[in-house]
Each structure stands twice: as structure tokens, then as C-alpha cells.
Amino acid sequence: MTEGLIEKKGPDRLSIDDYFMEIAYVVAKRSTCLRKQVGAVVVRDKRILSTGYNGAPIDLEHCLDIGCIREEKNIRSGERHELCRGVHAEQNAIIQAALHGVSIEGASIYTTHQPCILCAKMLINSRIKRVVFGKSYPDKASLEFFEMANISVLKNGE
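Residues numbered from 1 in each chain as written. Predicted model: local features only at pLDDT ≥ 70, side-chain atom pairs only at ≥ 80, totals over all residues. Heavy atoms only, no water.

**Digging into the side chain of S31**
Selection criterion: In this text, helices come from DSSP runs of H or I with a minimum length of four residues, and strands from runs of E with a minimum of two, each type numbered from the N-terminal end. Per-residue accessibility, obtained with a 1.4 Å probe over protein chains only, is compared with the maximum for each type, and a residue is labelled buried under 20%, exposed over 50%, and partly exposed between these values. A 3.5 Å cut-off defines polar contacts: any pair of N or O atoms within that distance qualifies, except that in protein one atom must be a possible hydrogen donor and the other a possible acceptor, and neighbouring residues in sequence count only when both atoms are side-chain atoms. Between two residues, a contact is recorded if the distance between any of their heavy atoms is within 4.5 Å.
Its place among the elements puts S31 in the loop between helix 1 (16-28) and strand 1 (39-44). Under the relative-accessibility criterion, S31 is labelled buried at 8%. One polar contact links the side chain of S31 to the main-chain amide nitrogen of C33, over a distance of 3.1 Å. The residues contacting S31, other than those within four sequence positions of it, are K36, Q37, V38, Y53, N54 and L64.

Written as C-alpha cells, this is what we have:
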């Protein structure tokens, strides 16, 4: 067999959840947010349907270029979501799917950070069935909403 073409087997091979979480972290590298780089990947049947990262709406200046409103106003993470130029990664993943006519009903979303309450409501209405996230976020209401909507939630690595 040719070197480099050998498929990993055993404990070094990534699980499906770890695989898609790593992709979400790569997607996050496109973020234009100065505070938190977030990436999201929507998956169904082990296939990527859509991706998104957080940043300013299309054709608007990026926070990387003009600064962060939230930093200027000293707004803590998890509060006053409306005072932000950025569209969240989960929102952008939903929008991209919609723009390209891709249904995400019944899919899973892998996101580098726990979704906020605004994104949770959008994911619930998008009929996402599973949320896998990396880092916790100071917004416990989103987890309560997911539970009420019978959406499976997993913190990756637990």
C-alpha cells in the first residue's frame, strides 16, 4: 500500500462528533469578530449541509476593521445580543442553507460555542434535532429551551 493512503484505525481515529467539531473550529477561523471566533457546521447523515461563522452582515464593515461596539460599551458576553454588528455562526449556517435551498430539518449542528438563546430559538424553528458544542456560554436559557423542545444537546468531550 502507498504511504499516506493508509486509513487510521483504532484509538487515533476521530469519532464522527470530533471530526465535525474540528471542522467547526476551522470554519471559526474565518470569523471577523474581535471577541469570540465561532464556527458552525450543519450535518445530516454524515454529510455537511451548511457552515457559518460569526461576522458582520454582507457588505458591511467588519469589526476587525472598525472595532467592536460591545467592547467600546463594555458589554459582557451573553448579554445584550442586539448590540452587536455580527451575525452569529449558527444564524449564518441557517441563512446559507436557506439561500441555497437546503433543508436542515432533522440535522445536527456542531458549533464551537454553546448557542445563545437567540440562536437556540432559530435552531428550534429550523427543526434541528441535535446540538453538539465545544465551549460553554453564559446563557443557560438556551439549554432550557433545547430541553423543552426535546433537542439533544451534547457538550463535546463529555
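**Topic: the layout of surface pockets**
For the record, the criterion: Both site types are read off a 1 Å grid over the protein atoms alone. A 1.4 Å probe that fits but cannot get out defines a cavity, while an open set with protein on both sides within 12 Å along at least five of seven lines defines a pocket; lining residues have an atom within 4 Å of a point. Grid points are joined across faces, edges and corners, and a volume is the space filled by probe spheres set on the points. Residue type decides the class: Asp, Glu, Lys and Arg count as charged, Ala, Val, Leu, Ile, Met, Phe, Trp, Tyr, Cys and Pro as nonpolar, and the leftover types, Gly among them, as polar.
Its boundaries defined by the atoms lining it, the largest pocket holds a volume of some 430 Å³. For the largest pocket, the lining is made up of 27 residues, of which C33, K36, N54, C84 and H88 are closest to its centre. Elements supplying a minimum of two residues to the lining of the largest pocket: helix 3 (69-72) and helix 4 (89-99). Its residues placed into classes, the lining of the largest pocket shows 12 nonpolar, 10 polar and 5 charged.

**A word on the sheet that holds strand 2 (residues 47-53)**
Picture the strands of a sheet paired through backbone hydrogen bonds; they go either parallel or antiparallel. Operational definition: What makes two strands pair is DSSP finding at least two bridges between them. Structural elements are reduced to axes, namely lines fitted to C-alpha atoms, with helices fitted over the stretch in contact, and the angle between N-to-C directions of any two is expressed from 0 to 180 degrees.
Across the sheet, 5 strands lie side by side as 2-1-3-4-5; this open sheet has mixed pairing. Each of the sheet's edge strands pairs with one partner strand only, and the pair in question is strand 2 and strand 5 (152-155). Across the sheet, the axes of successive neighbouring strands diverge by a mean angle of 20 degrees, strand direction being ignored. Its contacts with the sheet place helix 1 against strand 1, strand 2, strand 3 (108-113), strand 4 (130-135) and strand 5, and it is angled at close to 55 degrees to strand 3.

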